[in-house]
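# Structure assessment
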Amino acid sequence: TRAASSASENLKSFVAGGFGGIAAVLTGHPFDLTKTRLQTAPAGTYKGAVDVVKQALARDGPLGLYRGVVPPLLGVTPIFAVSFWAYDASKALIHAVTPMRKDKSLSTAELATAGFLSAVPTTIVTAPVERAKVLLQVDGQGGSQKKYKGVIDVIGHLYREGGIRSIYRGSVATVARDGPGSAAYFAAYEVVKKLLTPAGSSPNDLHLGSIIVAGGMAGVAMWSIAIPPDVLKSRLQSAPAGTYSGIMDCARKTIATDGMAALWKGFGPAMARAFPANAATFLGVEASRKVLDGLF
């Protein structure tokens, strides 16, 4: 039946997204940690991205580069699962509201719209995970005393400090980053994959080279526009309660203190991570999707 087929497609999108997320975190976390520390540290703490890595290795060894990895690993399966499910559901919705369309394939603008819509339900999971991850990543930086024992301790601390509202601090900044970012992400992936698909074969066929390049370019497209809201999100989520009244206040104070250039802090590590982490994401999604299609 149609309902059963739609349910199985939804399940496949969800599970494949989860596999893609795990691949992304394991590949990209050291870059992400470097980015967050550059974005949040007081001026003069680090000379640059390489210095962040050096200090992390000197203090905590190689595992120091994976500090704060537990929240995204726990959260990434539902985050990417919801994201890829919501993207496929948004594409289905666009088809449903345009029944008279001549061309079955969606335009780039429609793919971008589906990408933007996918960020809205995803934020419910992303915001608290990012909040815990950022606090763990900046905990103890610059030689200060470590405050948290781990992810459960962070969430408990936030809840005691300000309830659910504290856990969800930075949600508006998360949507401001992930809405336009996801629009660029999914549209770039579909467009590049189509361009690289050999003539006569379908973009749904598994061509590893084109998936790696298209996935990598999707990450680059997303992060090329997502850094300013990401800086504000990192600062909102890592600052003591009461530092900022919201995203606009954070933007105003950041520019007043550190200048416009502060909105692009962490651009290098984000771009260095964008290609490999997102190539790994789409490879994980497409490969697991192929396996799932074979199973049911």
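Refer to the structure printed above.
Residues numbered from 1 in each chain as written. Predicted model: local features only at pLDDT ≥ 70, side-chain atom pairs only at ≥ 80, totals over all residues. Heavy atoms only, no water.

## Remarks on the nonpolar core
- In terms of nonpolar packing, the biggest core is built from 33 residues, with Phe-80, Phe-84, Tyr-185, Phe-186, Tyr-189, Trp-223 and Phe-282 touching the most fellow members.
- Looking at this core, the elements that each hand over two or more residues are helix H1 (2-40), helix H3 (70-97), helix H4 (108-138), helix H6 (171-196), helix H7 (208-238) and helix H9 (267-295).
- Of all the elements, H7 adds the most residues to this core, at 8 residues.
- The contacts of Tyr-189, once residues within four sequence positions are left out, are Ile-211, Ala-214, Gly-215, Ala-218, Phe-282 and Glu-286.
- By size, the runner-up hydrophobic cluster in this structure holds 8 residues, among which are Ala-132, Leu-136, Val-151 and Ile-167. (Core = buried A, V, L, I, M, F, W, Y, C linked by side-chain atoms within 4.5 Å. Buried < 20%, exposed > 50% of the residue type's maximum accessible area, 1.4 Å probe, protein only. Helix = DSSP H or I, 4+ residues; strand = E, 2+ residues; numbered from the N terminus. Contact = heavy atoms within 4.5 Å.)

## Some remarks on the environment of Gly-143
- On the secondary structure map, Gly-143 appears in the loop between H4 and helix H5 (151-167).
- C-alpha separation for the pair Gly-143 and Gln-55, spaced 88 residues apart in sequence, amounts to 9.4 Å.

## Let's talk about the layout of surface pockets
- Reported here for the largest pocket is a volume of approximately 1,200 Å³.
- Taken together, 37 residues form the lining of the largest pocket, with Asp-88, Lys-91, Glu-190, Asn-204 and Arg-289 sitting closest to its centre.
- Among the secondary structure elements, those contributing two or more residues to the lining of the largest pocket are H1, H3, H4, H6 and H9.
- When residues in the lining of the largest pocket are grouped by element, the largest group, 8 residues, is from H1.
- Taken together, the residues that form the lining of the largest pocket break down as 14 nonpolar, 11 polar and 12 charged.
- In this structure, the second largest pocket occupies an estimated 340 Å³ of space.
- Around the second largest pocket sit 17 residues that line it, and Arg-165, Arg-169, Gly-170, Tyr-244 and Ser-245 are the ones nearest its centre.
- Contributing elements (two or more residues each) for the lining of the second largest pocket: H5 and H6.
- Per-element tally for the lining of the second largest pocket: the top contributor is H5, with 4 residues. (1 Å grid on protein atoms, 1.4 Å probe; cavity = no way out; pocket = protein on both sides within 12 Å on 5 of 7 lines; lining within 4 Å. Points joined across faces, edges and corners; volume = space filled by probe spheres on them. Nonpolar A, V, L, I, M, F, W, Y, C, P; charged D, E, K, R; others polar.)

## Looking at the side chain of Lys-133
- Within the fold, Lys-133 resides in helix H4.
- By relative accessible area, which is 6% here, Lys-133 ends up buried.
- With residues near it in sequence (within four places) discarded, Lys-133 still touches His-29, Asp-32, Gly-68, Pro-71 and Pro-72.

## With respect to the packing of H1 against H4
- Between H1 and H4, whose axes approach to 9 Å, the crossing angle comes to 75 degrees. If you check the angle between H1 and H4, you find them roughly perpendicular. Here H1 contributes His-29, Asp-32, Leu-33, Thr-36, Arg-37 and Thr-40 to the contact with H4, which in turn contributes Lys-133, Val-134, Gln-137 and Val-138. (Axes fitted to C-alpha atoms, helices over the stretch in contact; angles between N-to-C directions. Parallel < 35°, antiparallel > 145°, perpendicular 65-115°, else oblique.)

## Some words on empty space enclosed by the protein
- Inspection of the entire model under this criterion finds 1 cavity of 30 Å³ or more.
- Volume-wise, the largest cavity comes out at about 570 Å³.
- Lining the largest cavity are 29 residues, and of these Ile-79, Phe-80, Glu-130, Arg-177 and Arg-273 sit closest to its centre.
- For the lining of the largest cavity, the secondary-structure elements that each account for two or more residues are H1, H3, H4, H6, H7 and H9.
- Element by element, the count of residues in the lining of the largest cavity is highest for H4, at 8 residues.
- For the lining of the largest cavity, a count of residues per class yields 13 nonpolar, 9 polar and 7 charged.

## Here's the deal with H6
- For H6, built from 26 residues, the straight-helix expectation of 38 Å at 1.5 Å per residue is met to within 8% by its first-to-last C-alpha distance of 36 Å.
- Where H6 bends most, at Gly-181, the angle is about 25 degrees. (Expected span 1.5 Å × (residues − 1). Bend = angle between axes of the 7 residues up to and from the residue.)

## Looking at H1
- If you check H1, its first and last C-alpha atoms are just 50 Å apart, much less than what 39 residues at 1.5 Å a residue would give, namely 57 Å.
- Along H1, the sharpest kink reaches roughly 60 degrees, centred on Gly-28 and followed within four residues by the proline Pro-30.

## Let's talk about a nonpolar patch on the surface
- On the surface, a cluster of nonpolar side chains totalling about 650 Å² of accessible area is made up of Val-191, Leu-195, Leu-196, Leu-206, Leu-208, Ile-212, Val-213 and Met-217.
- Of all the secondary structure elements, the ones that give two or more residues to the nonpolar patch are H6 and H7.
- Tallying contributions element by element places H7 first for the nonpolar patch, with 4 residues.
- With respect to the element layout, Leu-206 can be found in the loop between H6 and H7. (Patch = residues over 30% accessible without salt bridge, like charges linked within 9 Å, V, L, I, M, F, W, Y side chains within 5 Å. Areas by Shrake-Rupley, 256 points an atom, 1.4 Å probe, with all protein chains shown as cover. Salt bridge = Lys/Arg side-chain N within 4 Å of Asp/Glu carboxyl O.)

## Here we look at the packing of aromatic side chains
- In total, this model carries 9 aromatic pairs according to the counting rule given.
- With centroids separated by 3.7 Å and ring planes inclined at 10 degrees, the aromatic side chains of Tyr-189 and Phe-282 adopt a geometry described as stacked. In this pair, Tyr-189 sits in helix H6 while Phe-282 sits in helix H9, placing the two residues 93 residues apart along the sequence.
- Taken together, Phe-80, Phe-84, Tyr-87, Tyr-185, Phe-186, Tyr-189 and Phe-282 form an aromatic cluster joined through their ring pairs.
- Against the face of Phe-296 rests Lys-12, its NZ or CZ located 5.3 Å from the ring centre. (Phe/Tyr/Trp six-rings, centres within 6.5 Å; stacked < 30°, edge-to-face > 60°. Lys NZ or Arg CZ within 6 Å of the ring centre and 35° of its normal.)

Functional significance is not addressed by these values, which are geometric in nature.
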